[in-house]
Amino acid sequence: MSTSTLTRSIFRQRLTHSRLLCSPILFSSKPIRTPSTRTMASDAAAGKFEWLVILPDHEGVLEKRMEVRPKHFAGLQKGIDSGFWKMGGALLEEVPKEGEGLKIQGSAMVALASSKEEVIELLKKDIYSESGVWDFSKAQIYPFKCAIRQPL
C-alpha cells in the first residue's frame, strides 16, 4: 500500500470516528424518543447554543424527588422531541455501592436554547422546581461548547 493511500485511509477513519464522537447522544435509563440529528451549523444559524446546567437539590428532598420523578420524566418528553434537551441525569454524592440506593444531590443537563433565560423559564416549569426539589439559589448555567460525545 502506498503512503498516499495509507494516509487517505487513516484520514477517512479519523473523519468517521470524529463524526461519531460529535453525534448527539441521549443517555437514559429507559427508551426515550430523540429528535433528528442537528448540526452545530444549523443550531448556530437558528440562534441557539448549548447550555450546561448544574442544579443542586435542597437538603433532605430525596423522598420528594422520588415521589414526583415519574411526572418529571413525562414532562421532559416535549423538550426531548423538540431537541431542547440534549442530555440530562442525576448528580450523585458518590459512586453507588452494591445493594444501596442512589444518593442523589441534584441534576445536570445540557439544553439547546436561544438564551440562558429560555433555559431558566423551562426549568422553572419542571415538577422538580414546582415541588421544591431543586435549589435555584445554587443553580449554575453556562454556555457550553461540546468537544466530545460518546455513548456509554
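The rules behind these values
Sequence order as written defines the numbering, with residues in each chain counted from 1. Thresholds applied to this predicted model are a pLDDT of at least 70 for local features of residues and 80 or more for the giving and counting of side-chain atom pairs; totals over whole chains, interfaces and linings are not thresholded and use all residues. Processing note: side-chain calculations cover all non-hydrogen atoms of the structure and skip hydrogens and water entirely. The helix count covers DSSP runs of H or I at least four residues long, the strand count covers runs of E at least two residues long, and both are numbered beginning at the N terminus. Working definition: with a 1.4 Å probe on protein chains only, accessible area under 20% of the residue-type maximum means buried, over 50% means exposed, and in between means partly exposed. For the purposes of these results, a polar contact is taken to be a pair of N or O atoms within 3.5 Å, where, inside protein, one atom must be able to donate a hydrogen and its partner to accept one; residues adjacent in sequence count only when each atom of the pair is a side-chain atom. Note on contacts: a residue pair is in contact if any heavy atoms of the two residues lie within 4.5 Å. For the purposes of this section, nonpolar cores are sets of buried Ala, Val, Leu, Ile, Met, Phe, Trp, Tyr and Cys residues that join through side-chain atoms within 4.5 Å. Only centres within 6.5 Å qualify two rings of Phe, Tyr or Trp (six-membered ring in Trp) as a pair; their planes then separate them into stacked at under 30 degrees, edge-to-face at over 60, and tilted for everything else. Criterion for a charge above a ring: Arg CZ or Lys NZ at most 6 Å from the ring centre, at most 35 degrees from the ring normal. Pairing between two strands requires that DSSP report at least two bridges joining them. The axes used here are C-alpha line fits, helices contributing only the stretch in contact, and every angle between their N-to-C directions lies in the interval 0 to 180 degrees. The term salt bridge refers to a side-chain nitrogen of Lys or Arg lying within 4 Å of a carboxyl oxygen of Asp or Glu.

Colleague: Go over the side chain of serine 107, please, and point to the residues and values.
Modeller: On the secondary structure map, serine 107 appears in strand β3 (residues 104-113). The buried category is assigned to serine 107, whose relative accessible area is 5%. Within the structure, serine 107 has its side chain in polar contact with the side chain of tryptophan 134 (distance 3.0 Å). The contact partners of serine 107, leaving out residues within four places of it in the chain, are Val53, Ile54, Leu55, Arg65, Gly89, Ala90, Leu91, Tyr128 and Trp134.

Colleague: Give a description of the nonpolar core that names residues and reports values.
Modeller: When a protein is soluble and globular, its nonpolar side chains tend to lie buried together. The biggest cluster of nonpolar side chains holds 18 residues, and the ones touching the most others in it are Val53, Trp85, Met109, Val119, Leu123 and Trp134. Breaking this core down by element, the ones donating at least two residues are β1 (49-56), α3 (62-82), β3 and α4 (116-124). Excluding residues that lie within four positions of it along the chain, tryptophan 85 makes contacts with Leu76, Gly79, Ile80, Met109, Val110, Ala111, Leu122 and Leu123.

Colleague: Which residues make up the packing of aromatic side chains, and what values go with them?
Modeller: Summed over the entire model, instances satisfying the criterion amount to 3 aromatic pairs. Ring centres of phenylalanine 84 and tryptophan 85 lie 4.8 Å apart, and the angle between their planes is 90°; this geometry places the pair in the edge-to-face category. Take phenylalanine 84: its relative accessible area is 7%, and that puts it in the buried class. Under the relative-accessibility criterion, tryptophan 85 is labelled buried at 11%. Residues tryptophan 134 and phenylalanine 136 carry aromatic rings whose centres are separated by 6.5 Å and whose planes lie at 80° to one another, so their mutual orientation is edge-to-face. By relative accessible area, phenylalanine 136 is classed as partly exposed at 24%. Of note, lysine 124 hangs over the ring of phenylalanine 136, and the distance from its end group to the ring centre comes to 5.4 Å.

Colleague: Requested: an account of the sheet that holds strand β4 (residues 140-144), with residues and values cited.
Modeller: Taken together, 4 strands build an open sheet; the order of strands is β2-β3-β1-β4 and the sheet is antiparallel. Of all the strands in the sheet, the pair left with one neighbour each is β2 (85-92) and β4. In this sheet, neighbouring strand axes are inclined to one another by 15° on average, regardless of whether the strands run parallel or antiparallel. Summarising the sheet, β2 and β3 pair through 7 bridges and their orientation is antiparallel. Looking at β3, one finds that leucine 91 is bridged to glycine 106.

Colleague: Account for the pattern of salt bridges, naming residues and giving values.
Modeller: One pass over the structure, following the stated rule, counts 8 salt bridges. When the shortest N-O distance is used, the salt bridge between lysine 64 and glutamate 67 registers 3.4 Å. You can see lysine 64 and its partner glutamate 67 sitting in helix α3, 3 residues apart, about one turn around the helix. The partner of lysine 103 in a salt bridge is glutamate 94, and the shortest N-O contact between them spans 3.1 Å. Overall, lysine 103 belongs to the partly exposed group, its relative accessible area being 34%. Look at glutamate 94 and you get partly exposed, because its relative accessible area is 31%. Several salt bridges converge on common partners, so that one network encompasses Glu94, Lys97, Glu100 and Lys103.

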